[in-house]
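# Remarks on the overall topology
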Protein chains: 2
Amino acid sequence: MSRVTLKELAQHLGLAEGTVSRAMNNYSDISPKTREKVQKAADALGYRPNHTARRLATGRAEAVAYLMPTSSSAISNPFVSQLLEGLGDALSKRAWDLLVVQPQSAEDELDALRKLVASGKVSGVVLSRPTKVDARIDYLKKTGFPFIVHGRARDSAGYAWYDIDGRQAMMDAVDHLVALGHSKIAFIGAPTYQNFANDRLDGYRAGLAANGLVEDANYISIAELTDEGGERAAFDLLSEPEHPTALICVTDVQAIGALAAIRARGWVPGEDVSVIGYDGVWMGRHANPPLTSMAQPQAHSGRQLGDMLLSIIDGGNPEDFQVLRKAELIRRKSDGPPKLASQKTRQATSREVL
Amino acid sequence: MSRVTLKELAQHLGLAEGTVSRAMNNYSDISPKTREKVQKAADALGYRPNHTARRLATGRAEAVAYLMPTSSSAISNPFVSQLLEGLGDALSKRAWDLLVVQPQSAEDELDALRKLVASGKVSGVVLSRPTKVDARIDYLKKTGFPFIVHGRARDSAGYAWYDIDGRQAMMDAVDHLVALGHSKIAFIGAPTYQNFANDRLDGYRAGLAANGLVEDANYISIAELTDEGGERAAFDLLSEPEHPTALICVTDVQAIGALAAIRARGWVPGEDVSVIGYDGVWMGRHANPPLTSMAQPQAHSGRQLGDMLLSIIDGGNPEDFQVLRKAELIRRKSDGPPKLASQKTRQATSREVL
DNA sequence: CGCTATTCCGAAACCGCTTTCGGAAACAAG
DNA sequence: CTTGTTTCCGAAAGCGGTTTCGGAATAGCG
């Protein structure tokens, strides 16, 4: 229990505390001989420097914080866990600590952040899920406190981030659908104050334009980020007479809900109506039918974020750390060419449903 | 940036540091008058005590750690995220910190824990996923360091835990299947050094016995905790001539894989072969067919764990904090009475497959 | 009004480690 | 052998709080 302290170690060695301390920290004004002697005695006695005292003396926190997203919907995202794992990994190389802070509410977020940087408990922060214009980012930029964000805000200049190009992904999705022969492509999105939702919607639109398709407001539905959200949105979208033949969803979770809505209408997803999700979660493989999706390269994002943050804390220029990765289409069974007879099918079924 | 310090606050007030400190901490030897004066000045100047200094002086860490499970399989469990959320909640009431520590490997786990308690960085620990006999638990019990575990080891005495009764759940699952008419019930499990896997396997066996069924070693398959694991296990189980008519899986993830295996054989899950999972993850609703499962009451487990740990740190007796919750059967579409013609079907299909 | 019992605050030691500063010891050069 | 450098270590002052201890000021009491 009672740890061996620097003082004890020092008098055990017959040296001054300061000397021992400098020896442990590889100061150049300690002779190799004594340095070695100290080292040996140190791990003979099992000396471990008290982190708290060291922090206090140096002012360095040797810890970073992860600010949990508040709006982690019912479907608690597995991303958090993966991300933390990677972060922990990156930090463990320096034996730094990882603090997880959980704002009480969305409004509390900025305040929690303020307190955090003021507290000096950490020397860097990682943020998740930025909003379109994110007060936290603005605050951190202003103070110059080291941070990195997973994702990015609409304004992506002047800070470090790691993101997947959701805009491009959605353009690709549209391209794919068009290549398949679709022209009536709808989008199920999420509230665009979340910037990732905004990016992806934007990509959908850009994709439409790039293919000479005109955007139809009735083909865009903003829904909750849950399976039910996707389900309801899909259901509504499909009840129009001129209903779309393909659905792009901002999220796999929604897409899986959309699948259910299609089946509920008596149609078969991937034949009567195509759907493409985004994320590439493992579950997609087991959806009914298996979900085609724009898959994010999840691998080691946490690790990368950690390494980048560390570099920034070391004095690196945040702007040098902006990495944009690509999502890849993984085709499964929920997409296909549009049914030629879709017109007939639609009328039959709508009678049936009503 | 430069925080206002106690000394500054003190001389601003014309009081001694110690006095101000005691005033802030509600010592009884401070007159209400000065206490109030101090309070007012404090938040006028925006004084926030330096956490690190306080820690050093008091020896209290005001933080707890969550030891991440190392073996978080590819399917990163969303549990972690939920649990952290709850923990954070519980801690925020006291403004304590939550540290997440990530052991480098399974072997490193005990060592990491040792370092952690030795470091004095936290005043309590929460553990996850105990093994059947868990060295971490033994260690913590011996040292008397406050901790709580999510789940429990085979020996559940002498420490605090929060667990779901997996044994009972599996007995219930067997009962349910038997009531449906099944007698050839197989089990897909996980390596039993993980105690939850052990408990559930045990429950399966007990359920069999309670229903007068004899256990058949060929009906028990230990697989990886992934969809593929469940898929392979189910496939093998179903290739026996006297194959089971029902599968109980230690995990929904496996069960979803098992569903795939059944479909791959050309059978329909829930009719030709029943399967019951465990966990009640949201995805089960969208499996093909929707998965019947023993659902855990996930709600607020993190919060509860946090509150309990806090109580223990406050001096509570760990043995007073052992809570066992029940899992509930949620029926969806993957279970049903056994097919009478199962014999015929099996033969036909096995030819087909071979 | 004097004396004891309270109430309230100041002073100082301490928590464990870092870091600056100055000087003793050791060595080189003149 | 002195003087001038280097090399290496000791001493001490923090870092920003907490907590014990003793005493001054105030109050209570006869």
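Just above, that's the structure.
Below is a summary of the structure that appears in this document. Positions within a chain are numbered from 1, following the residues in the order the chain's sequence is written. As a convention, the first chain written is A and the first ligand written is 1, with the rest following in written order. Given that this is a predicted model, residues contribute local features only at a pLDDT of at least 70 and side-chain atom pairs are listed and counted only at 80 or more, while totals for whole chains, interfaces and linings are drawn from all residues. Where side-chain values are given, they derive from all heavy atoms of the structure, hydrogens and water being excluded.

### Topic: the environment of Pro49(B)
For Pro49(B), the position within the fold is in the loop between α3 (32–45) and α4 (51–58). On a C-alpha basis, the gap between Pro49(B) and Met24(B) in space is 9.5 Å, while along the polypeptide they are 25 residues apart. Only runs of H or I of at least four residues qualify as helices and only runs of E of at least two qualify as strands under DSSP, and these elements are numbered from the N terminus.

### Concerning the relation of the copies chain A and chain B
Mapping chain A onto chain B calls for a screw motion: a turn of 180° about the axis and a shift of 0.0 Å along it, with 0.1 Å RMSD after fitting. Such a combination of rotation and displacement between the chain copies is what one expects of a two-fold axis. In what follows, residue pairs with any heavy atoms lying within 4.5 Å of each other are defined as contacts. When the interface residues of chain A are mapped onto chain B, 100% of them again lie at the interface, so the same face is used by both copies. The least-squares superposition of copies is restricted to C-alpha atoms, and to residues with a pLDDT of at least 70 in both copies.

### Comments concerning the interface of chain A and chain B
Residue-level contacts link 45 residues of chain A with 45 residues of chain B. Put simply, buried area is the surface a 1.4 Å probe can reach on two separate parts but cannot reach once they are joined, added for both. Approximately 4300 Å² of surface area, both sides summed, lies buried where chain A meets chain B, with 56% of it carried by carbon and sulfur atoms. A salt bridge links Arg285(B) to Glu228(A), with the nearest nitrogen and oxygen atoms 3.1 Å apart. N or O atoms closer than or at 3.5 Å make up a polar contact, with two conditions inside protein: a donor-capable atom paired with an acceptor-capable one, and, for residues adjacent in sequence, both atoms drawn from side chains. Joining chain A to chain B, the criterion identifies 14 residue pairs in polar contact (both at pLDDT 80 or more). Counting residues per element, the side of chain A that touches chain B draws most heavily on helix α5 (residues 78–92) of chain A, which supplies 9 residues. Classifying every residue of the side of chain A that touches chain B gives 18 nonpolar, 15 polar and 12 charged. Within this document, salt bridges are pairs made up of a side-chain nitrogen of Lys or Arg and a carboxyl oxygen of Asp or Glu, the two lying within 4 Å of each other. When residue character is reported, Ala, Val, Leu, Ile, Met, Phe, Trp, Tyr, Cys and Pro are called nonpolar, Asp, Glu, Lys and Arg charged, and the others, Gly included, polar.

### Here's the deal with the protein's contact with DNA strand D
Every one of the 28 residues lining DNA strand D counts as a neighbour, but Thr19(A), Thr34(A), Leu6(B), Ser21(B) and Tyr27(B) are closest to it. Looking at DNA strand D alone, sugar and phosphate atoms form 63% of those within 4 Å of the protein. At a separation of 2.7 Å, a phosphate oxygen of DNA strand D approaches a polar backbone atom of Leu6(B). Residue Arg22(B) places a side-chain N or O atom 3.0 Å away from a base oxygen belonging to DNA strand D. Contributions of two or more residues to the surface near DNA strand D are made by α2 (17–24) and α4 (51–58) of chain A together with α2 (17–24) and α4 of chain B. Distances are taken per atom, and a residue is near a molecule or strand as soon as one of its heavy atoms is within 4 Å of it.

### Examining the side chain of Ser128(A)
Residue and element names in this part refer to chain A. Summarising the element assignment, Ser-128 is placed in strand β3 (residues 125–128). A polar contact of 2.8 Å, which involves the side chain of Ser-128, links it to the side chain of Tyr-66. Sequence-distant contacts of Ser-128, that is, excluding residues within four places in its chain, are made with Tyr-66, Leu-67, Pro-69, Leu-83, Arg-136 and His-150.

### Digging into the sheet that holds strand β7 (residues 220–222) of chain A
All names here are of chain A. Sheet architecture is open: 6 strands sit in the order β7-β6-β8-β9-β10-β12, paired in mixed fashion. Strands at the two margins of the open sheet, each flanked by one partner only, are β7 and β12 (328–330). Recorded for the sheet is a direction-independent mean angle of 20° between the axes of neighbouring strands. Two strands make a pair as long as DSSP finds a minimum of two bridges between them. Examined bridge by bridge, strand β6 (residues 185–189) and β7 share 3 bridges and lie parallel to one another. When the sheet's bridge partners are listed, Gly-189 is paired in β7 with Ile-222. Against the sheet, helix α8 (residues 166–180) engages β6, β8 (246–249), β9 (274–279), β10 (292–295) and β12, with an angle of about 160° to β9. Working convention: axes come from line fits to C-alpha atoms, limited for helices to the stretch in contact. Angles between N-to-C directions cover 0 to 180 degrees. Relative to β6, helix α10 (residues 227–237) is tilted by about 150°, and along the sheet it contacts β6, β7 and β8.

### Some points on the protein's contact with DNA strand C
Around DNA strand C there are 28 residues in total, and Leu6(A), Ser21(A), Tyr27(A), Thr19(B) and Thr34(B) lie nearest to it. Within 4 Å of the protein, the contacting atoms of DNA strand C are 65% sugar and phosphate, with bases supplying the remainder. Between DNA strand C and the protein, one listed contact pairs a phosphate oxygen with a side-chain N or O atom of Asn25(A) at 3.3 Å. One nitrogen or oxygen atom from the side chain of Thr19(B) is found 2.6 Å from a phosphate oxygen belonging to DNA strand C. Within the residue set of the surface near DNA strand C, elements represented by two or more residues are α2 and α4 of chain A together with α2 and α4 of chain B.

### What to know about the nonpolar core
Counting residues in each nonpolar core, the largest one holds 135 residues, and the members touching the most others are Tyr204(A) and Tyr204(B). The residues touching Tyr204(A), leaving out its near neighbours within four places in the chain, are Met170(A), Val174(A), Ile185(A), Ala186(A), Phe187(A), Tyr219(A), Ile220(A) and Ile248(A). By nonpolar core we mean a set of buried residues, namely Ala, Val, Leu, Ile, Met, Phe, Trp, Tyr and Cys, connected to one another through side-chain atoms within 4.5 Å. Type-normalised accessible area, obtained with a 1.4 Å probe on protein chains alone, sets the label of each residue: buried when under 20%, exposed when over 50%, and partly exposed for intermediate values. Of all hydrophobic cores here, the second largest spans 40 residues; its members include Ala63(A), Ala65(A), Val122(A) and Leu116(B).

### Remarks on the packing of α2(B) against α3(B)
Residues and elements named next belong to chain B. With their axes 9 Å apart at the nearest point, α2 and α3 run at an angle of 90° to one another. In terms of orientation, α2 and α3 fall into the roughly perpendicular class. Every residue of α3 that contacts α2 at Val-20, Ala-23 and Met-24 is listed here: Arg-35, Val-38, Gln-39 and Ala-42. Taken together, the residues of the contact of α2 with α3 break down into 5 nonpolar, 1 polar and 1 charged. Just so you know how the angles are binned, under 35 degrees is roughly parallel, over 145 roughly antiparallel, 65 to 115 roughly perpendicular, and the rest oblique.

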